[in-house]
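Take a look at the letters that make up each chain.
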Amino acid sequence: MSRFCLKESFVTSETDYYRRRDFMRLGAVNALALGAASAGMLGLSSSVTASPASPDFIRKAKAAKKTIVADDKLNDFDDITQYNNFYELGTSKTDPYKNASALITDPWSVSVEGLCAKPGKLTLEDLLKPHDFEERIYRLRCVEAWSMVIPWMGFPLADLLKRFEPSTDAKYVAFETLYDKGRPLPGQRGRSIRWPYREGLRMDEAMNPLTFMAVGLYGKVLPNQNGAPLRLVVPWKYGFKSIKSIVKIKFVSEQPETSWNQLQSREYGFYSNVNPAVNHPRWSQARERRIGELRKRRTLMFNGYEKEVAGLYKGMDLQRYF
Amino acid sequence: MKNVKLIGHALGLLPLLYMLFLGVTGLGANPIERLTHETGQWGLILLLASLAITPLVKLPTSVNFKPIKQLKLKKVMLWRKYFGLYAFCYIVMHFLIYLTLDLSLDFEFLIDDIKDRPYITVGFLALLLLVPLAVTSAQTLRRKMGRHWIRLHKLVYFINALALLHFFWLIRADYSEFWWYLIAFSLFMLFRFVEKARRLVRV
Ligand code: HEM
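What comes next is a walk through the structure. (Residues numbered from 1 in each chain as written. Chains lettered and ligands numbered in written order. Predicted model: local features only at pLDDT ≥ 70, side-chain atom pairs only at ≥ 80, totals over all residues. Heavy atoms only, no water.)

1. A short note on the overall build of chain B
A tally of helices and strands in chain B yields 10 helices and zero strands. When the elements of chain B are put in sequence order from the N terminus, they spell out α-α-α-α-α-α-α-α-α-α. With respect to the three principal axes, the spread of C-alpha positions in chain B is 55 × 40 × 40 Å. Taking all 203 residues of chain B together, the buried fraction comes to 38%. Long-range contacts, defined here as pairs at least 24 residues apart, represent 67% of the contacts in chain B between residues at least 6 apart. (Helix = DSSP H or I, 4+ residues; strand = E, 2+ residues; numbered from the N terminus. Buried < 20%, exposed > 50% of the residue type's maximum accessible area, 1.4 Å probe, protein only. Contact = heavy atoms within 4.5 Å.)

Given below as structure tokens:
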């Protein structure tokens, strides 16, 4: 029931939201940011840092159809935007929310490279233009054994990739997150990870209908701390595979280097499919804490998307290719 | 004397107040994780603080400077016990949160975790070793046990090392905090080695 009510509240909060963005553009940025920061410290505010929505975005967001739903109860907007792993903005869960304004998403461009017929550098606007938006409710399972249920807005990754006409030699797609050496983000000054953050998928994984490119959340522009302006969502894999704030897409023939795998290959595999039977060497993956729930619940194979994706791994030893 | 005691208790209770404050103002999206981290962190800090007392008292008093001598810093030595006991309390909370909310009181899970997860193994060992120290912390027992008491309580060094190892093994990428704890521990231990070496030379 509550799910149906939500749709209504989207619309109102959405308009509120755009109004607030306009207000900010009127030059009240500093006052508002200060107010938001102090209110944020008191835990009172649900304000977020995101770019203003373009008219094109607003039109598509209003037309977005719910294509995939889940029986799970949605996590609320505050939890989704104030509890994040986004090391570029700091290693603690609350850092990305606090440091969100350090990420500049306008202007933004994405460089498409490698084994394809139509490589090039696209502005965000050009990249988004041909794609209608849809809303999908996905479970997100973090490798740290917590999970959320999130209403993303965006389009299938396959639709985007096909535009560049990948060649038959392209067996994998590699992605990179923003990294400007001259102007690193707050978390990129430390060397917890070798920047830029890198991720990758096998071509058939990337083309799977579930694999999603998200540009919004709860019907709104994706907040910076959630990986604005565009991020991957691969719901049957641990969250770190869903790379945020993408600036580069490259078609390659060999399995690409991925950040967590580079850091600790024994602990984080290239595939990193959610699998309750394969524990992280240091903790169990059999159960997870759904944010908002007290007790842990059992983790599902492929995060509950077994029907859709098990075929991708037929014949593979998932203990070995974890 | 009274003031020294009072301040010691106040310091030991500060983390509890802080956690209560967090409880009122909001523990964030994952309150259980937050509480596990706060209790673990304050437990570790107090364990280290307990090791800090001896050098902090002995170094200034070894300087021949009257105003410092008059401070009667020796009484602060009492804080070793206070901090140790408060650390024990926070670590018991830490363990109970894990046992009830992470494991839902399933003792089979507990055995599995102790067997399979090195960071739990050493954390659990540290907790177990803290029990006899807490139990024998009373002054009367200390007198009764004499040299045995001292030998038993040398375990704190080992327990501190285990606690650091526990922390080290659960970090995923960001070791920056850990290095500070390790430096503190190393300095406190260095002081003890130097003292011991000096005593040996003098004999
Ligand atoms: C001397 C005893 C112990 C000390 C000083 C200690 C300290 C810590 C510290 C500092 C943390 C990390 C907090 C942070 O990330 O900010 C931690 C986390 C944790 N500890 Fe302990 N601990 C002790 C014993 C135990 C025991 C006995 C258990 C369970 C059997 C346990 C289970 C955990 C768990 C589950 C975590 C969270 C791990 C994670 O978030 O990945 N600890 N502890």
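2. Focus on the environment of A29(B)
Looking at where A29(B) falls in the secondary structure, it is placed in the loop between α1 (2-25) and α2 (31-62). Aside from chain neighbours lying at most four places away, what touches A29(B) is D79(A), Y83(A), I291(A) and G292(A).

3. Quick notes on the site of the ligand
Residues and elements named next belong to chain B. As a structural note, the neighbourhood of the ligand is formed by 20 residues, with H37, Q41, H94, H166 and L170 the closest of them. Interatomic distance of 3.1 Å between a side-chain N/O atom of Q41 and an oxygen atom of the ligand. Interatomic distance of 2.7 Å between a side-chain N/O atom of H94 and a nitrogen atom of the ligand. For the shell around the ligand, the elements supplying multiple residues, two or more each, are α2, α4 (78-102), α6 (118-135) and α9 (155-170). When the residues that make up the shell around the ligand are grouped by side-chain class, the tally is 12 nonpolar, seven polar and one charged. (Near = heavy atom within 4 Å. Polar contact = N/O pair within 3.5 Å; in protein donor to acceptor, adjacent residues only side chain to side chain. Nonpolar A, V, L, I, M, F, W, Y, C, P; charged D, E, K, R; others polar.)

4. A few points about the pairing of strand β7 (residues 198-202) of chain A
All names here are of chain A. Counting buried positions over the five residues of β7 gives four, a clear majority of the element. In this structure, strand β6 (residues 172-177) lies alongside β7, joined through five bridges in antiparallel fashion. When the bridges of β7 are listed, F175 appears paired with E199. (Pairing = 2+ DSSP bridges.)

5. Some points on the packing of α2(B) against α4(B)
When two helices pack together, their arrangement is captured by the angle between the axes and the distance separating the axes. Residues and elements named next belong to chain B. α4 packs onto α2 with a crossing angle of 160 degrees between their chain directions and a minimal axis gap of 8 Å. Viewed along their axes, α2 and α4 adopt a mutual orientation that is roughly antiparallel. Crossing of α2 over α4 shows left-handed handedness. In terms of residue class, the contact of α2 with α4 is built from 15 nonpolar, eight polar and two charged. (Axes fitted to C-alpha atoms, helices over the stretch in contact; angles between N-to-C directions. Parallel < 35°, antiparallel > 145°, perpendicular 65-115°, else oblique. Left-handed = near helix turned anticlockwise from the far one by under 90°.)

6. Some details on the interface of chain A and chain B
Across the contact, 26 residues belong to chain A and 21 residues belong to chain B. Counting each side, the surface lost to burial between chain A and chain B is near 1,900 Å², with a carbon and sulfur contribution of 47%. The three residues of chain A that bury the most area against chain B are R282(A), R287(A) and R289(A), which together make up 33% of that side's buried surface. In this structure, the connection of chain A to chain B is made through two salt bridges. Across the pair D102(B) and R289(A) runs a salt bridge, and its minimum N-O distance is 2.9 Å. (Buried area = accessible area lost by both parts, 1.4 Å probe. Salt bridge = Lys/Arg side-chain N within 4 Å of Asp/Glu carboxyl O.)

7. Overview of the pattern of salt bridges
Residue and element names in this part refer to chain A. Tallied over the full model, the rule gives 25 salt bridges over all chains. When the shortest N-O distance is used, the salt bridge between D72 and R139 registers 3.2 Å. Residue D72 is found in the loop between β1 (65-68) and α3 (77-82), and its partner R139 is found in strand β4 (residues 134-141); the two are separated by 67 residues along the sequence. Residues D72 and R139 agree in their burial class; the two are buried. Within this structure, D72, R139, R141, E288 and R290 form a network of salt bridges that share partners.

8. Quick look at the packing of aromatic side chains
We describe a pair of aromatic rings using the distance from one ring centre to the other and the angle between the two ring planes. Tallied over the entire structure, the rule returns 24 aromatic pairs over all chains. Arranged with centres 4.9 Å apart and planes meeting at 75 degrees, the rings of Y83(A) and W146(A) form a pair that is edge-to-face. Linking Y83(A) in the loop between α3 and α4 (95-98) with W146(A) in strand β5 (residues 146-156), this pair joins segments that are 63 residues apart in sequence. The class for Y83(A) is buried, based on a relative accessible area of 5%. On the numbers, 5.1 Å between centres and 50 degrees between planes, the contact of F168(B) with F178(B) is tilted. You can see F168(B) sitting in helix α9 and its partner F178(B) sitting in helix α10 (residues 176-202), a full 10 residues away along the chain. Residue F168(B) is classed as partly exposed on the basis of its relative accessible area, which comes to 29%. Members of the aromatic cluster, connected to one another through ring pairs, are Y172(A), F270(A), Y271(A), F302(A), Y313(A) and Y321(A). It is K241(A) that lies over the ring of F270(A); its NZ or CZ is 4.3 Å from the centre. (Phe/Tyr/Trp six-rings, centres within 6.5 Å; stacked < 30°, edge-to-face > 60°. Lys NZ or Arg CZ within 6 Å of the ring centre and 35° of its normal.)

9. Remarks on unusual backbone geometry
Residues and elements named next belong to chain A. Residues D106 and P107 are joined by a peptide bond in cis, for which omega reads 5 degrees. When you line up the elements, P107 lands in the loop between α4 and β2 (109-114). Geometrically, the link from W195 to P196 is a cis peptide bond, its omega value of -5 degrees lying close to zero. Along the polypeptide, P196 turns up in the loop between β6 and β7. Positive phi is not limited to glycine here, since E165 has a value of about 50 degrees.

10. Description of the coordination of the iron atom of the ligand
All names here are of chain B. Those protein atoms acting as donors to the iron atom of the ligand are H94 (NE2) and H166 (NE2), and they sit at 2.0 Å. Of note is the iron atom of the ligand, whose six donor atoms meet at the metal with angles of 84 to 180 degrees in an arrangement that counts as octahedral. In this pair, H94 sits in helix α4 while H166 sits in helix α9, placing the two residues 72 residues apart along the sequence. Of the two residues, H94 and H166, neither departs from the other in class, the shared state being buried. (Donors = N, O, S within 2.8 Å, 3.2 Å for Na, K, Ca; no water. Tetrahedral: all angles 85-135°; square planar, octahedral: opposite > 155°, others 65-115°.)

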